[in-house]
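The chain contents come next:
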Amino acid sequence: MGTALLYHEDMTAARLLWDDPQCAIETPERLTAALERLRRRGLERRCLRLAAREASEAELGLVHSPEYVALVRGTEALDVEALRELSAQYDAVYFHPSTYHCARLAAGAALQLVDAVLTGAAHNGLALVRPPGHHSQRAAANGFCVFNNVALAAKHAKQSYGLHRAPSISSRMTPGELGVGHGPFLGPHSGSGAWPGVLYFSWHRYEYRHFWPFLRESDADAVGRGRGLGFTVNLPWNQVGMGNADYLAAFLHVLLPLAFEFDPELVLVSAGFDSAIGDPEGQMQATPECFAHLTQLLLALAGGRVCAVLEGGYHLESLAESVCMTVQALLGDPAPPLPGTLVPCRSALESIQSVRAAQAPHWASLQHQEATLCLPPGVVRQEEAAPQEEAEAWARPHGALAQGEALTVLGKVLCLVDRILDGQVGSGITAIPAPALAATLDVSIRRGLFHGAQRLLCVAVGQLDRPPDLADDGRTLWLNFRDEQAAALSVFHVSVPLPGATGGFLSCVLGLVLPLAYGFQPDLVLVVLGPAHGLQDPQAALLVTLLRGPAGGRVLALVEEEPKPQLAGILARVLHGEAPPSLGPFSAASPEFTQALGHLRGQLEVHWKMLQVAGEAGDTVLS
Ligand code: X5A
């Protein structure tokens, strides 16, 4: 098990044989640069290497017409003049005598990746392929694409594995181009019923339809038709220069709420890296680390069954780095922090607002608009603890920690906090005897700040009070889920009622906790599951998984020892990078809950910009 990496050297054979500025960026070096960098970083050898096979003509027929397949086959025998003539009949396409072979390998790699993941040979994977696929249509090449690799993968997953419901969500990481409007494929026309069970999400450079391929159906209000209503989700970018905060906001406020509600069994990613900084086609600004975060977020879906297939990406340096980041995340490594302050731009928020409005009728989750274990890269160090005298000194203000087991556990926790902040250990989890939990938390926060954490996020679930003499100086952000009213005592002290329904839980986590966490950029996250925390195991696992993102994986979970001893084990596994279990059937949040949460977000979004979901910020100011 692990991460599959699919590739075949033959896919570097196709190249442009004449002068065509539009097509010149789609070069064989794209693949070699990405692979080289994976090798240099030692990432390739951590993957399960699989040589791509050719898709059969029957398999291509899952999506393409026999006539079109025959036409592409015929290009193998054409001379340069004839190739050039044929290419000119399509928009932004070139054929080469090896195109048919390459395109069959590209499609075959996507199918093989799905096989590897759905048979359990791999957890997840990446297919490094060219030509790309997502622009191609049933009977036409388009935008450098010949066969629709990801559409074929989706059909194959449905047909060969009979995934019960919802086999795939497809998210393109490319803004570069179209992404939608591929005739009957993944896109608005899927509403005809051709693609039941597929949720299609695309973000793409659009610029109010002034960008290639200039399709009206790429806009946010194209949501699918008939039975497919709401299963096409288009997020058009109307300006270039979208960056990390914009992409992250799109995930937190559009893609992930819908995807968790959809609860897919498989995630297919049309991984276009023309959304990365420096790309001549995309003109966007996302830094490579962003792809680690986006991938990590997708891994929280579908039991982590994520299949990424390369599409665009034309800036070799940016492409190679971004591919490495994606693979690192697939391998379960913590994502490096996102550079800079995260503030989504006005235009991105307007796009997010329009897609949320267009999709709201179709998705309950949008209707709220209204035992000590140390984890990678360290070894298990169960025994390690701060010296007894030191633990005693830190325990002094708290009677509950004075002696016995509580003091022993405290010694371990102190050591763990230090190790995580020093980078010797990635993350940790400790079961704490119930009477000592609040005091241990208090001491952990102090120790973290003392040991050099600039910003410490504490997510406390259950009946836990914020340590009364903790300074409200912006170094600690205290988020408490407990059974009372939503309230923001300051922008660094927020209480949210405990959501009962999965929908309420997801809106809290995606719509409040993660935006605050990403905005705060903590050095350390403490997650505490205290008395009456009320979270089901999969909810606790998802919360902990998602909180790995904003703090470079530096998460310390403190869990009440009783009454659920198995919870610590589940959390230990997700901290190791395992996928969390599914939340189970979606249940919508209550209107009261939604309203309370909406009010709270409105109060906080002036300070915490990652909370925004509309072009105009709310007008309630909280200082
Ligand atoms: C796969 C891909 C872009 C075509 C752009 C034509 N195609 N201007 O990124």
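What comes next is a walk through the structure.

Cut-offs used in this document
- Residues numbered from 1 in each chain as written.
- Predicted model: local features only at pLDDT ≥ 70, side-chain atom pairs only at ≥ 80, totals over all residues.
- Heavy atoms only, no water.
- Axes fitted to C-alpha atoms, helices over the stretch in contact; angles between N-to-C directions.
- Helix = DSSP H or I, 4+ residues; strand = E, 2+ residues; numbered from the N terminus.
- Parallel < 35°, antiparallel > 145°, perpendicular 65-115°, else oblique.
- Contact = heavy atoms within 4.5 Å.
- Nonpolar A, V, L, I, M, F, W, Y, C, P; charged D, E, K, R; others polar.
- Expected span 1.5 Å × (residues − 1).
- Buried < 20%, exposed > 50% of the residue type's maximum accessible area, 1.4 Å probe, protein only.
- Phe/Tyr/Trp six-rings, centres within 6.5 Å; stacked < 30°, edge-to-face > 60°.
- Salt bridge = Lys/Arg side-chain N within 4 Å of Asp/Glu carboxyl O.
- Pairing = 2+ DSSP bridges.
- Right-handed = clockwise from strand over helix to strand, strands pointing away.

The subject of this paragraph is the packing of helix α14 (residues 502–520) against helix α17 (residues 591–604). Packing of α14 against α17 leaves a shortest axis separation of 11 Å and a crossing angle of 10°. Considering the angle they form, α14 stands roughly parallel to α17. Across from Gly504, Ser507, Cys508, Gly511 and Leu512 in α14, the residues of α17 making contact are Phe593, Leu597, Leu600, Arg601 and Leu604. When its residues are assigned to classes, the contact of α14 with α17 shows 6 nonpolar, 3 polar and 1 charged.

Time to look at α17. Here α17 contains 14 residues, and its C-alpha end-to-end distance of 20 Å stays within 8% of the 20 Å for a straight helix at 1.5 Å per residue. Phe593, Thr594, Leu597, Leu600, Arg601, Gly602, Gln603 and Leu604 are the residues of α17 that are buried. Among the structural elements, α7 (244–262), β13 (487–490), β14 (493–496) and α14 are those in contact with the buried residues of α17.

Okay, the environment of glycine 423 next. As for its placement among the helices and strands, glycine 423 is situated in the loop between α12 (404–422) and β10 (428–432). Glycine 423 sits in the partly exposed class, given a relative accessible area of 48%. For glycine 423 and glutamine 388, which are 35 residues apart along the polypeptide, the C-alpha to C-alpha distance reads 23 Å.

This paragraph deals with unusual backbone geometry. Of note, the bond from arginine 130 into proline 131 is cis; its omega dihedral lies within 30 degrees of zero at 0°. Looking along the chain, the bond that leaves tryptophan 212 and enters proline 213 is cis, with omega of 5°. Along the chain, the position of proline 213 falls in the loop between β5 (198–205) and β6 (232–237). A positive phi is found at phenylalanine 214, a non-glycine position, where the angle reads about 60°. Structurally, phenylalanine 214 is set in the loop between β5 and β6. The residue glutamine 521 is not glycine, and still its phi comes out positive at about 50°. Within the element layout of this structure, glutamine 521 appears in the loop between α14 and β15 (524–529).

Take the side chain of histidine 293 next. Checked against the element boundaries, histidine 293 lands in helix α8 (residues 288–298). The residues touching histidine 293, leaving out its near neighbours within four places in the chain, are Ala335, Pro336, Pro337, Leu338, Tyr518 and Gly549.

This brings us to the packing of aromatic side chains. Applying the stated criterion to the full structure yields 17 aromatic pairs. Seen in terms of ring centroids, tryptophan 203 and phenylalanine 251 are 5.4 Å apart; in terms of plane orientation they differ by 45°. Their pairing is tilted. Here tryptophan 203, found in strand β5, pairs with phenylalanine 251, found in helix α7; they are 48 residues apart in sequence, far enough to count as distant.

Tallied over the entire structure, the rule returns 24 salt bridges. Residues arginine 30 and glutamate 26 are paired through a salt bridge, measuring 2.8 Å at the closest nitrogen-oxygen approach. Each member of the pair, arginine 30 as well as glutamate 26, is classed as buried. Across the salt bridge formed by arginine 482 and glutamate 484, the nearest N and O atoms sit 3.5 Å from each other. We classify arginine 482 as buried; its relative accessible area is 10%. By relative accessible area, glutamate 484 is classed as partly exposed at 43%. Because the salt bridges share partners, they merge into one network encompassing Arg37, Arg41, Glu317 and Glu321.

Glancing now at the pairing of strand β1 (residues 3–7). Along any regular strand the residues' side chains alternate between the sheet's two faces. With 5 of 5 residues buried, β1 is to be regarded as a mostly interior element. Going residue by residue along β1, you find Thr3, Leu5 and Tyr7 tucked away on one face and Ala4 and Leu6 tucked away on the opposite face as well. Summarising the sheet, β1 and strand β3 (residues 124–127) pair through 4 bridges and their orientation is parallel. Across the sheet, residue leucine 5 finds its bridge partner in β3, namely leucine 126. Bridge count between β1 and strand β2 (residues 48–51): 4 bridges; the pairing is parallel. Among the inter-strand pairings, leucine 5 is bridged to a residue of β2, identified as arginine 49. One crossover worth recording links β1 to the parallel β2 by way of helix α1 (residues 29–40), and it is right-handed.

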